[in-house]
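Single-letter residue listing:
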Amino acid sequence: MSLFRLDASILPASSASRSLADLVEQEWVAAHPDSVVTRRDLAVDPVPATAWADAVTGKFVAPEERTEGQRAAEALAQTFADELIGADALLFAVPLYNYGVSQHFKTWFDLAYTDPRIDPQGTALRGKPATLVTVLGGNYAPGTPKEGWDHSTGWLRRVLEDVWGLDLRVVERPFTLVGVNPALDAFADTALALKIKAEGDAVSYGRELAAAKSAPAE
């Protein structure tokens, strides 16, 4: 059994998304103590900003005519796809940044998506169990003043569930900036309740992830 884990937080030492993902991983390791956990940290090892363009443009020229950058981008995309396909389960920890998806994750996804095994016609990831951990500095739930400002979670669900076909569970923790931004001090009780719920979800979904079986590719 093997788990692939991806982290996109730019603050490894104080990351709320990493802490929640740790809870998910702990459940996986408890159930599969001899399993392999492959990690990709996009803050420590970010994807080159030019890689996606190189991978895309490289497809329009003969292999022998590709630039060094195009060949390197194609090889990196294959590595990303290999990591995803080779794992029995997937764990993504992706914070909301500036009301949108992390650029680190978007750059990684765009490059991985160029591999034909996991493009819209690919079936290699269909039914694979996965957990997404996402954290939000504010609260964008229905009825809140900034409802609709979260342009990350919906997109993440779309590409992971609908495009790649993963069997996805989502752990979400809003209000992580309570205690950091004094303007949010009035929401301390709400933030604590949301934190406790997210931690419970992380443990529960971690157990589900550990117990899940990948569906066979069509």
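The rules we used
- Residues numbered from 1 in each chain as written.
- Predicted model: local features only at pLDDT ≥ 70, side-chain atom pairs only at ≥ 80, totals over all residues.
- Heavy atoms only, no water.
- Helix = DSSP H or I, 4+ residues; strand = E, 2+ residues; numbered from the N terminus.
- Rg over C-alpha atoms; globule rule 2.2 N^0.38 Å.
- Expected span 1.5 Å × (residues − 1).
- Buried < 20%, exposed > 50% of the residue type's maximum accessible area, 1.4 Å probe, protein only.
- Arc of directions from axis to C-beta.
- Core = buried A, V, L, I, M, F, W, Y, C linked by side-chain atoms within 4.5 Å.
- Contact = heavy atoms within 4.5 Å.
- Pairing = 2+ DSSP bridges.
- Axes fitted to C-alpha atoms, helices over the stretch in contact; angles between N-to-C directions.
- Salt bridge = Lys/Arg side-chain N within 4 Å of Asp/Glu carboxyl O.

### Side note on the overall build of the protein
No. 1: When helices and strands are tallied, the protein shows 6 helices and 7 strands.
No. 2: What you see in the protein, going N to C, is helices and strands ordered as β-α-β-α-α-β-β-β-α-β-α-β-α.
No. 3: In terms of overall dimensions, the protein is globule-like: its C-alpha atoms have a radius of gyration of 18 Å, near the 17 Å expected for 218 residues.
No. 4: Projecting the C-alpha coordinates of the protein onto the three principal axes gives extents of approximately 60 × 35 × 30 Å.

### Details of helix 3 (residues 68-86)
No. 1: For helix 3, with 19 residues, the first-to-last C-alpha span of 27 Å sits near the 27 Å given by 1.5 Å per residue.
No. 2: Buried within helix 3 we find Gln 70, Ala 73, Ala 77, Phe 80, Ala 81, Glu 83 and Leu 84. All buried residues of helix 3 fall inside an arc of 155° around its axis, so they share one side. Residues of helix 3 that are exposed and point over 90 degrees away from its buried face: Glu 68 and Gly 86.

### Things to note about the nonpolar core
No. 1: Counting residues in hydrophobic clusters, the biggest one holds 32 residues, and the most contacted among them are Leu 84, Phe 92, Phe 105, Trp 108, Leu 160 and Trp 164.
No. 2: Residue assignment for this core shows that the elements contributing at least two residues are strand 1 (2-7), helix 2 (51-58), helix 3, strand 3 (89-93), helix 4 (103-112), strand 6 (129-135), helix 5 (153-163) and strand 7 (167-173).
No. 3: If near-sequence neighbours (up to four positions away) are discounted, Phe 92 is found in contact with Phe 4, Leu 6, Leu 84, Phe 105, Trp 108, Ala 130, Thr 131, Leu 132, Val 133, Leu 160 and Leu 166.
No. 4: With 16 residues, the next largest nonpolar core counts Ala 16, Val 133, Val 135 and Val 171 among its residues.

### Brief notes about the sheet that holds strand 2 (residues 36-41)
No. 1: Pairing is parallel in the open sheet, where 5 strands are placed in the order 2-1-3-6-7. Strands with a single pairing partner mark the edges of an open sheet, and in this sheet they are strand 2 and strand 7. If you compare each strand with its neighbour and ignore which way they point, the axes differ by 15° on average.
No. 2: Here helix 1 (residues 16-31) sits on the sheet and contacts strand 1, strand 2, strand 3, strand 6 and strand 7; the angle it forms with strand 1, its principal contact strand, is near 175°.
No. 3: Sitting on the sheet, helix 6 (residues 188-211) is in contact with strand 1, strand 3, strand 6 and strand 7, with an inclination near 160° to strand 7.

### Examining the pattern of salt bridges
No. 1: Scanning all chains against the criterion turns up 18 salt bridges.
No. 2: Notably, a salt bridge pairs Arg 157 with Glu 161, separated by 3.4 Å at the nearest N-O pair. Placement of both Arg 157 and Glu 161 in helix 5 is noted, with a separation of 4 residues, approximately one turn of the helix.
No. 3: Classification of Arg 157 by relative accessible area gives partly exposed; the value is 34%.
No. 4: One salt bridge connects Lys 197 with Asp 201, and the closest N-O pair in it is separated by 2.8 Å. Here Asp 201 and Lys 197 lie together in helix 6, a separation of 4 residues that amounts to about one turn.
No. 5: Several salt bridges share partner residues, and in doing so they unite Arg 5, Asp 7, Asp 22, Glu 25 and Arg 39 into one network.

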